[in-house]
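Survey of secondary and tertiary structure
Here are the chains, one letter per residue:
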Amino acid sequence: MKVLGVILARAGSKGLPGKCMRDLCGQPVIAYAFEHALASERLLGRVFSSDSGDAQALAVEFGVEVVDRPAELATDTATVDDAVRHAVLGWEEAHGGTVDAVAILYGNIPVRADGLIDRAIAHLEDSGADSVRSVAPVTKQHPDWIHRLEGDQMVQFRTNSIYRRQDLAPLFYHDGAVAVVTRDALFAALETPDDHQAFLGVDRRAIIQGPEDTVDIDGPIDLAVAEGIFRSRDAGKANDVVMIGERAVGAGQRTLVIAEAGVNHNGEVSSALRMVDVAADAGADAVKFQMFRASELTTPEAICAEYQKAGGAATQRELLTNLELDDAAFSQIRARCAQRGIMFLATPFGPGDVQRLVAIGVVAIKLASTDLVNVLLLDAAIETGLPLILSTGASTEGEIGAARRYLAKHGAVDRTIFLHCVSRYPAPIASLNLGAIATMRRALGVPIGLSDHTTWVQGGANAVGAGACVIEKHFTLGRGSGSRCGGSQDGVGPDHAMSLIPSELSEYVEQIRLAERAMGDGSYGLQAIEQEVREIARKSVVAATNIPAGATIDASMLTLKRPGTGAAPSVLAEMIGKRATTDIASDTLLSWNMVR
């Protein structure tokens, strides 16, 4: 059976405007319908019918064909079957031939049971019916428990005396998750235009789901319900840790500190080797360089960014040509890293650079912010099978979400770490927006770090407090070691001005390690080191006056005083009404063997 999947979504919605593009756990609501359709093994093709330009662009990103819905089919009064027929005819004209059936998927339904579409198609094929729809049992909204109001007077919708749920007649509602109809039934409905259910045919079958298997987004509360379902499903399955070599990186792990040498070696391998030593001496976990061929990275006319102009280079190609290192140089750097026990990383800027890095030996691929949307480079990085670290500077929320979906589509998101980044050189402290780290963690469901472009020595430590598991920071042998770009005196690198000198890098790493210790494990309650203060500064039940043996203790006889080594204040009320078993002098700490 040839079945076409038709996904429907209008731009307009009175209940929740633009609902198909509303964010839900890091991606638009409509994206889930695309994922469901793409996951189906029974669909011959998938087509999206909508008048929303943003949603259409997202469909193209997912590889779903688009049929532009005309205005007359995008109104509140336009029927579903008219829109579906329009989409079917458009797809058939583009591909030739006809389909046997259509699976109708509403774009405002982000929660569907796995395999539902294929089960509905199979049931249609096996039953020979005109249509199959997913349904769920009616529970608290059962007609036998529904009333109408006459003024404020409640009147039963159906007269009955049923008070137990198990006695209600089994009824079901179409939950909207999927409707599969034959092409014959869909087009035969044109003969009965006044019957808006005619497109379902005469023989209508159902597959039963639970009420929790589908969420139809009509209002804000539905978004909250869908989010709750996704969060509960993901509990315990979130990608909290990524393995980089033998190093676990993520929640609850030691922060991975990457000392970013970048191109601050000024194209000199001797300087690059010294930078490895500086990074290792500072206590960094990794040192990262940049691998590129200027002729492959830029066109001859590409101009320098403002921060690159100070040294006088006319073009990016001129600037970067002087900063290249060849494979032999990188082999030396890699060997020095092994000698010093520090992880070697380098950022590739093209697919060829990725292969060069793999040949040299890297344990992860780190991509620059500028390449978050570079699908050729993403593909090359994904194909290595290595862990991925992606910076997100100068990217929109939509672009970051799209990158996450692209990685998920290609099975790489579980080995990916995203870095929050502000693409300004240097970045003002006020722009750092460390609160984004937690937001990104919730939205993307992967470990989040920081690529720090400030000159703030405490920046990394503060990022650890904000939840970053990776910190990347530029450093230089000396800010006066580069002058033809960046305003320094002897070199050509543009990044010296926003980089830390060796002593600052050491302090930067030390501050991160202090922040890690300060963060602790997140548990709360009494610590061993607090026991002394607890005993000295807390209070105990104390005799407020002399209490003779045999006296019945009343409230006036007791008070609370330091230290906290006697009966706890919480038992004060219990001691009232007891009899003293011995003479108790004023200011004596009471214990239970003194009363009965």
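Preceding block: the structure.
All of the points below concern the structure found in this document. In this text the structure is predicted, and so the values were computed from the model without any measurement.

Concerning the sheet that holds strand β16 (residues 343-348)
In space, the eight strands of this open sheet follow the order β16-β15-β14-β21-β20-β19-β18-β17, with parallel pairing throughout. Every interior strand has two partners, whereas the edge strands, β16 and β17 (365-367), have only one. Adjacent strand axes in the sheet meet at a mean angle of 25 degrees when their direction is disregarded. The pairing of strand β15 (residues 286-291) with β16 spans six bridges and is classified as parallel. Bridging across to β16, F289 finds its partner in A346. Helix α11 (residues 351-360) contacts β15, β16 and β17 of the sheet and is inclined by roughly 165 degrees relative to β16.

A short note on the side chain of S134
As for its position among the elements, S134 is in strand β7 (residues 131-137). Leaving out residues up to four positions away in the same chain, S134 has contacts with L116, Y173, H174, D175, G176, A177, V178, I207 and Q209.

Side note on the sheet that holds strand β1 (residues 3-9)
Here seven strands make up an open sheet; going across it, the order is β5-β4-β1-β6-β10-β7-β11 and the pairing mixed. One side of each edge strand has no neighbouring strand; the edge strands of this open sheet are β5 (65-68) and β11 (204-208). Within the sheet, the average angular offset between the axes of one strand and its neighbour, ignoring direction, is 30 degrees. Note that strand β6 (residues 101-106) and strand β10 (residues 172-182) share four bridges and pair antiparallel. Residue pairing in the sheet places A103 in a bridge with V180 of β10.

With respect to the side chain of D118
Within the secondary structure layout, D118 lies in helix α4 (residues 116-127). Despite being buried, D118 has no salt bridge partner; R42 is the closest side chain of opposite charge, sitting 5.7 Å away. Beyond its immediate chain neighbours, meaning those up to four positions away, D118 contacts S40, E41 and R42.

A short note on the environment of A518
When you line up the elements, A518 lands in helix α16 (residues 502-519). Classification of A518 as exposed rests on a relative accessible area of 67%. In the structure, A518 is positioned 183 residues away from A335 in sequence and 35 Å away in space, judged by C-alpha atoms.

A few points about the packing of helix α7 (residues 269-282) against helix α10 (residues 327-340)
One way to put it is that α7 packs onto α10 with a least axis distance of 10 Å and a crossing angle of 20 degrees. Classified by the angle between their axes, α7 and α10 sit roughly parallel to one another. Relative to α10, the crossing made by α7 is right-handed. Touching V269, A272, L273, V276, D277, A280 and D281 of α7 are A329, Q332, I333, R336, C337 and R340, all from α10. Split into classes, the residues belonging to the contact of α7 with α10 amount to eight nonpolar, one polar and four charged.

A closer look at the packing of aromatic side chains
Inspection of every chain in the model, using the stated rule, returns five aromatic pairs. Taking 6.1 Å as the distance between ring centres and 85 degrees as the angle between the ring planes, the aromatic pair formed by F292 and F349 counts as edge-to-face. Within this pair, whereas F292 is found in the loop between β15 and α8 (294-297), its partner F349 is found in the loop between β16 and α11, the two being separated by 57 residues in sequence. What links up through ring pairs into an aromatic cluster is the set F34, F48 and F62. Above the ring of F187, the side-chain terminus of R183 is found at 4.2 Å from the ring centroid.

So, the pattern of salt bridges
A full pass over the atoms with the stated rule returns 26 salt bridges. In this structure, R158 and D144 form a salt bridge, with 2.8 Å as the shortest nitrogen-oxygen distance. Taken together, the residues R158 in the loop between β9 (153-156) and β10 and D144 in the loop between β7 and β8 (147-150) connect sequence positions 14 residues apart. R158 gets classed as partly exposed once you look at its relative accessible area, which sits at 36%. The exposure class assigned to D144 is buried, which follows from its relative accessible area of 8%. Measuring nitrogen to oxygen at the nearest pair gives 3.6 Å for the salt bridge that ties K366 to E472. Placement of the pair is K366 in strand β17 and E472 in strand β21 (residues 470-474), with a sequence separation of 106 residues. Since its relative accessible area comes to 3%, K366 is described here as buried. One continuous salt-bridge network, built from bridges that share partners, spans R247, D285, R513 and E516.

Quick look at the environment of P428
The topology assignment puts P428 in the loop between β19 (416-421) and α14 (435-444). Judged by its relative accessible area of 45%, P428 is partly exposed. Linking P428 and R538, residues 110 residues apart in sequence, is a C-alpha distance of 46 Å.

Observations concerning α11
The set of residues buried in α11 consists of D353, V354, R356, L357 and I360. Down the axis of α11, the sector holding all buried residues measures 165 degrees, keeping them to one side. Close packing links the buried residues of α11 with β15, α8, α10, β16, β17 and α12 (375-383). In the segment just after α11, G361 is the residue with positive phi, at about 110 degrees.

Re the nonpolar core
Counting 65 residues, the largest nonpolar core has V287, F289, F330, I333, F344, F418 and F475 as the members making the most contacts within it. Broken down by element, this core gets its largest block of residues, eight residues, from α7. With near-sequence residues (within four places) excluded, I333 lies in contact with A272, L273, V276, F289, L325 and F344. In terms of nonpolar packing, the next biggest core, distinct from the first, is built from 31 residues, I30, F48, I121 and A129 among them.

As for unusual backbone geometry
Glycine aside, the phi torsion of most residues is negative, and most peptide linkages are trans. Here Y425 and P426 are connected by a cis peptide whose omega angle stands at -5 degrees. Structurally, the position occupied by P426 is in the loop between β19 and α14. That bond from R562 to P563 is cis: its omega, 0 degrees, falls within 30 degrees of zero. Residue placement: P563 occurs in the loop between β23 (558-561) and α18 (572-575). Look at N266: it is not a glycine, yet its phi comes out positive at around 60 degrees. Residue placement: N266 occurs in the loop between β14 (256-262) and α7. A positive phi angle is found at A394, which is not glycine, with a value near 60 degrees. Relative to the helices and strands, A394 resides in the loop between β18 (388-391) and α13 (397-409).

Reading guide: rules and limits
- Residues numbered from 1 in each chain as written.
- Predicted model: local features only at pLDDT ≥ 70, side-chain atom pairs only at ≥ 80, totals over all residues.
- Heavy atoms only, no water.
- Pairing = 2+ DSSP bridges.
- Helix = DSSP H or I, 4+ residues; strand = E, 2+ residues; numbered from the N terminus.
- Axes fitted to C-alpha atoms, helices over the stretch in contact; angles between N-to-C directions.
- Contact = heavy atoms within 4.5 Å.
- Buried < 20%, exposed > 50% of the residue type's maximum accessible area, 1.4 Å probe, protein only.
- Lys, Arg positive; Asp, Glu negative; His and termini not counted.
- Salt bridge = Lys/Arg side-chain N within 4 Å of Asp/Glu carboxyl O.
- Parallel < 35°, antiparallel > 145°, perpendicular 65-115°, else oblique.
- Left-handed = near helix turned anticlockwise from the far one by under 90°.
- Nonpolar A, V, L, I, M, F, W, Y, C, P; charged D, E, K, R; others polar.
- Phe/Tyr/Trp six-rings, centres within 6.5 Å; stacked < 30°, edge-to-face > 60°.
- Lys NZ or Arg CZ within 6 Å of the ring centre and 35° of its normal.
- Arc of directions from axis to C-beta.
- Core = buried A, V, L, I, M, F, W, Y, C linked by side-chain atoms within 4.5 Å.

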